[in-house]
Amino acid sequence: MTSELSGKCACGNVRYEIRSEPLVTQACHCSDCQRTTGSAFVIHTIVCEEDFQITGETRMGIGPTGSGAGCELHSCVSCGVIVWVRYRYHKVPVIAVRAGTLENPDAVAPQAHIFTSRKLPWVSLPADVPSFAEGVDRSQVWSQESIERYESLPSID
Ligand SMILES: [Zn+2]
Ligand SMILES: [Zn+2]
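About the thresholds
Residues numbered from 1 in each chain as written. Chains lettered and ligands numbered in written order. Predicted model: local features only at pLDDT ≥ 70, side-chain atom pairs only at ≥ 80, totals over all residues. Heavy atoms only, no water. Helix = DSSP H or I, 4+ residues; strand = E, 2+ residues; numbered from the N terminus. Rg over C-alpha atoms; globule rule 2.2 N^0.38 Å. Buried < 20%, exposed > 50% of the residue type's maximum accessible area, 1.4 Å probe, protein only. Lys, Arg positive; Asp, Glu negative; His and termini not counted. Charge placed at Lys NZ, Arg CZ, Asp CG, Glu CD. Donors = N, O, S within 2.8 Å, 3.2 Å for Na, K, Ca; no water. Core = buried A, V, L, I, M, F, W, Y, C linked by side-chain atoms within 4.5 Å. Contact = heavy atoms within 4.5 Å. Pairing = 2+ DSSP bridges. Axes fitted to C-alpha atoms, helices over the stretch in contact; angles between N-to-C directions.

For the protein chain, the helix and strand inventory stands at three helices and ten strands. Beginning at the N terminus, the succession of helices and strands in the protein chain can be written as β-β-β-α-β-β-β-β-β-β-β-α-α. Here the C-alpha atoms of the protein chain give a radius of gyration of 15 Å, agreeing with the 15 Å that 2.2 N^0.38 yields for 157 residues. Along the longest, intermediate and shortest principal axes, the C-alpha atoms of the protein chain span 35 × 35 × 30 Å. For the protein chain, buried positions account for 45% of its 157 residues. Both charge centroids of the protein chain, one from 13 positive and one from 18 negative side chains, sit 9 Å from each other.

So, in structure tokens, the structure goes:
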């Protein structure tokens, strides 16, 4: 695993590699992400599932989402760190990788800050990155290439 976009859990039992350009990276400030990270916000890099290669045993928990559709939280069975998440409102095979688990977390940077209506008051957002009180407006943030890749993915249902 030599790709810049490789990562691991805290104990190293779970390792992964992202084998294509991520669709987008965003910071989510919603209450659910605050709770599951125990922090102010999460950094999610959205990738096509077929380009996500993972080794090591994980378990799946179910978490709430603002959409009501819920999400699957996939964590290392040994150390419990959540490595990736599936948001069920996506009807195509994309997943959110928790970018803090990357070997080089500075390899990605948020292209949008979302659910800033729940943002903790002491977090200052950069002026040059779009922010949204609720969900992202994809057309304002995603590259045209990413939108086309997303729309060309097969439907899950
Ligand atoms: Zn682990
Ligand atoms: Zn969130």
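What follows continues from the structure just given.
Here the focus is the coordination of the zinc ion (ligand 2). By definition of the ideal shapes, four donors in a tetrahedron about a metal sit 109.5 degrees apart, and six donors in an octahedron sit 90 or 180 degrees apart. Surrounding the zinc ion (ligand 2) are the protein donor atoms Cys28 (SG), Cys30 (SG) and Cys33 (SG), at 2.1 to 2.3 Å. Mapped onto the sequence, the donors of the zinc ion (ligand 2) take the spacing C-x1-C-x2-C. With relative accessibility at 11%, the residue Cys30 sits in the buried group.

Ranked by internal contacts, the top residues of the largest apolar core, which has 24 residues, are Leu23, Val85, Val94 and Trp142. Breaking this core down by element, the ones donating at least two residues are β3 (24–28), β4 (42–48), β7 (71–76), β8 (82–87), β9 (94–98), β10 (112–114) and α3 (144–152). Apart from the residues within four sequence positions on either side, Val85 is in contact with His44, Cys71, Glu72, Leu73, Ile95, Ala96 and Arg98.

This part covers the sheet that holds strand β6 (residues 58–63). Ordered in space as β6-β7-β8-β9-β4-β3-β10, the seven strands form an open sheet in which the pairing is mixed. This sheet does not close on itself; its edge strands, each paired only once, are β6 and β10. Strand-to-strand twist across the sheet, computed as the mean angle between neighbouring axes with direction ignored, equals 30°. Two strands pair when backbone bridges link them, and β7 and β8 are joined in this way by five bridges, in the antiparallel orientation. Counted as the bridge partner of Cys71 is Tyr87 from β8.

Taken together, the protein ligands of the zinc ion (ligand 1) are Cys9 (SG), Cys11 (SG), Cys76 (SG) and Cys79 (SG), with distances of 2.3 Å. Site description for the zinc ion (ligand 1): donor spacing in sequence, C-x1-C-x64-C-x2-C. A relative accessible area of 3% places Cys9 in the buried class.

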